[in-house]
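These are the residues of each chain, in order.
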Amino acid sequence: MEIILNKEDLLNGIKVVEKITAQKGSQPVLSNILIETVSNNSVKFCATDLNLSISHKISAQVQAEGKITLSAKRLSEIASRLDNKPVKLSLNPESNIVTISCAKAKFELIGINANEFPKMVDEESTEEADKSFEINKNTLIKGVKQVVFSAAYHESTSILSGVCFNIDSNTIEFVATDGNRLTLASKEVNSKGDSANFIVPSRTIQELIRIASIVDDEKVTIKLKKTKIQFVFENVVFQSKLINGTYPKYQQLIPTGNDKIVYIDREELIGVIERVCVMVNERTNRIKFSFKENTLELSTDSPEMGSGKDFIDISSNFDEIVIAFNYKYVLDSLKNMDTRKVKIEIATSLSATLFKPADENENGDESYVCLVMPVQVR
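Computed from a predicted model, the values in this text were never measured in an experiment.

Undergrad: Help me out: how do you make sense of the environment of Lys 7 in this one?
TA: When you line up the elements, Lys 7 lands in helix H1 (residues 7–17). Judged by its relative accessible area of 13%, Lys 7 is buried. Along the primary structure Lys 7 and Asn 84 are separated by 77 residues, whereas in three dimensions their C-alpha atoms are 5.9 Å apart. When sequence neighbours within four positions are dropped, the list of residues in contact with Lys 7 reads Ala 79, Ser 80, Leu 82, Asp 83, Asn 84, Lys 85 and Val 87. Polar contacts involving the side chain of Lys 7 include one to the main-chain carbonyl oxygen of Leu 82, which spans 2.5 Å.

Structure representation (structure tokens):
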């Protein structure tokens, strides 16, 4: 193998795939990036940790075909320090040593034979996907960002540790819950008449967000294959295992009869919470919300440190109620809304409270809702 790449293309290829390599594992090759020639003018960078896999095709001058795997860490460190000039990679197939040349710099990096690398996403099967959906990239990323924080991170194999995708009638619902809160965002998707329901691991979502921020594509195709999902961009194929199981019937968990309504400025509420939480008990993270006529008092106290309170103007349709929340849950909800004012729907001090965008017609988030369970008021 002998290839010449622009330094920028080389760095971009590494950047897209390197996070998918296994940091610790029994197979050293999983810490490597597979570099493989595809045509006279392109090469493929691949990485996998056996749960996630990624393939990224980039431009290159291919002078000799071949493939090799190289340490992601070492290759990244070398590439980032090279001059901004063409970079040449030459493989000695007998020794598995790749010579990296750029201007006057020269490195020799020992690789692992490509035959030891697991089969990649686009090599596993020639079968068509069971189902395929096309969605705007920004719509997809906004949807998953708005809910992934509500997933249960402490149980990596639980169904609650992932994001549920529910596709039906050209609408896709993204849902996440950890049992204490639930977030739902609904967006448009080209479902081609198909419907599907599946659970994507949170780590996959975080990597998808990262990858999408690097690629320039406007569209992404979602392909389902049995127990796996692929996110297909023009030059990137990102694959993950799905979480097996049945997601809770989340529609039944969202109350429809919360009759106490509050309208409040989102930025102001965030500011008040962030001030008051300085004095919060770090074990409970509890802040008390005291709604009184057109004023909301937020207060907290810690036996070891002291207390704090602040006030904010509101518009409401009831006299008063006192309710307490884990402030982190409320902040997460507020910071992921694209709205000027927030609508809070309350029933009782111990029942599920809903946080929604109030100016829904302006930003298209009318179907975005964050459910937060209160904690005991003390």
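Moving on from the model shown.
Undergrad: I keep staring at the packing of H1 against helix H4 (residues 202–214) and nothing clicks. Help me out?
TA: The packing of two helices is summarised by the inter-axis angle and the distance between the axes. For the pair H1 and H4, interaxial distance at closest approach is 9 Å and the crossing angle is 160°. By the angle class used here, H1 and H4 are roughly antiparallel. In terms of crossing hand, the pair formed by H1 and H4 is left-handed. Packed against H1, whose contacting residues are Asn 12, Lys 15 and Val 16, the element H4 presents Arg 210, Ile 211 and Ile 214 at the interface.

Undergrad: What exactly am I supposed to notice about the environment of Val 189 here?
TA: Looking at the element boundaries, Val 189 is found in the loop between strand E13 (181–188) and strand E14 (196–201). Sequence separation of Val 189 and Asn 136 is 53 residues, and the distance between their C-alpha atoms is 7.6 Å. The residues touching Val 189, leaving out its near neighbours within four places in the chain, are Phe 133, Glu 134, Ile 135, Ile 167, Asn 170, Thr 171 and Ile 172.

Undergrad: Got a minute to help me understand helix H3 (residues 137–145) in this structure?
TA: The α-helix advances 3.6 residues per turn, and as a result positions three or four apart in sequence lie on the same side. Along H3, the positions that sit buried rather than exposed are Lys 137, Leu 140, Ile 141, Gly 143 and Val 144. All buried residues of H3 lie within an arc of 160° about the axis, which places them on one face of the element. Regarding H3, its N-cap is Asn 136, as a side-chain oxygen of that residue lies 2.9 Å from the backbone nitrogen of Asn 138 further along.

Undergrad: I tried to follow the sheet that holds strand E18 (residues 260–265) on my own but got confused; where do I start?
TA: Note: strands within a sheet are paired through backbone hydrogen bonds, in either parallel or antiparallel orientation. Taken together, the nine strands give an open sheet; going across it, the order is E14-E11-E12-E13-E26-E25-E24-E18-E22, and neighbouring strands pair in antiparallel fashion. Each edge of the open sheet carries a strand with a single partner, namely E14 and strand E22 (315–316). Sheet topology note: the strand E12 (residues 171–177)/E13 ladder contains seven bridges and is antiparallel. Note that in E13 the partner of Phe 174 across the bridge is Ala 185. Across the sheet, helix H5 (residues 266–276) touches E18 and strand E24 (341–346), and the angle it forms with E18 is around 85°.

Undergrad: What is the right way to look at the packing of H5 against helix H6 (residues 327–335) in this model?
TA: In the contact formed by H5 and H6, the axes pass within 10 Å of each other and the chain directions differ by 150°. The angle between the axes of H5 and H6 places the two elements in the roughly antiparallel class. In terms of crossing hand, the pair formed by H5 and H6 is left-handed. For the pair H5 and H6, contact is made by Arg 266, Leu 269, Ile 270, Ile 273 and Glu 274 and by Tyr 327, Val 330, Leu 331, Leu 334 and Lys 335, respectively. Partitioned by chemical class, the residues of the contact of H5 with H6 number seven nonpolar, no polar and three charged.

Undergrad: Even after reading the chapter, I still don't get the sheet that holds strand E5 (residues 61–64), so can you show me in this structure?
TA: Pairing within the open sheet is antiparallel, and its five strands lie in the order E5-E1-E7-E8-E9. A strand with exactly one partner marks an edge of an open sheet, and here the two such strands are E5 and strand E9 (105–110). Across the sheet, the mean angle separating the axes of adjacent strands is 20° when strand polarity is ignored. Judged from the six bridges that link them, strand E8 (residues 97–102) and E9 form a sheet pairing that is antiparallel. By the bridge assignment, Val 98 is partnered in E9 with Leu 109. Packed on one face of the sheet, helix H2 (residues 72–80) meets E8 and E9 and runs near 175° to E9.

Analysis parameters
Residues numbered from 1 in each chain as written. Predicted model: local features only at pLDDT ≥ 70, side-chain atom pairs only at ≥ 80, totals over all residues. Heavy atoms only, no water. Helix = DSSP H or I, 4+ residues; strand = E, 2+ residues; numbered from the N terminus. Buried < 20%, exposed > 50% of the residue type's maximum accessible area, 1.4 Å probe, protein only. Contact = heavy atoms within 4.5 Å. Polar contact = N/O pair within 3.5 Å; in protein donor to acceptor, adjacent residues only side chain to side chain. Axes fitted to C-alpha atoms, helices over the stretch in contact; angles between N-to-C directions. Parallel < 35°, antiparallel > 145°, perpendicular 65-115°, else oblique. Left-handed = near helix turned anticlockwise from the far one by under 90°. Arc of directions from axis to C-beta. Pairing = 2+ DSSP bridges. Nonpolar A, V, L, I, M, F, W, Y, C, P; charged D, E, K, R; others polar.

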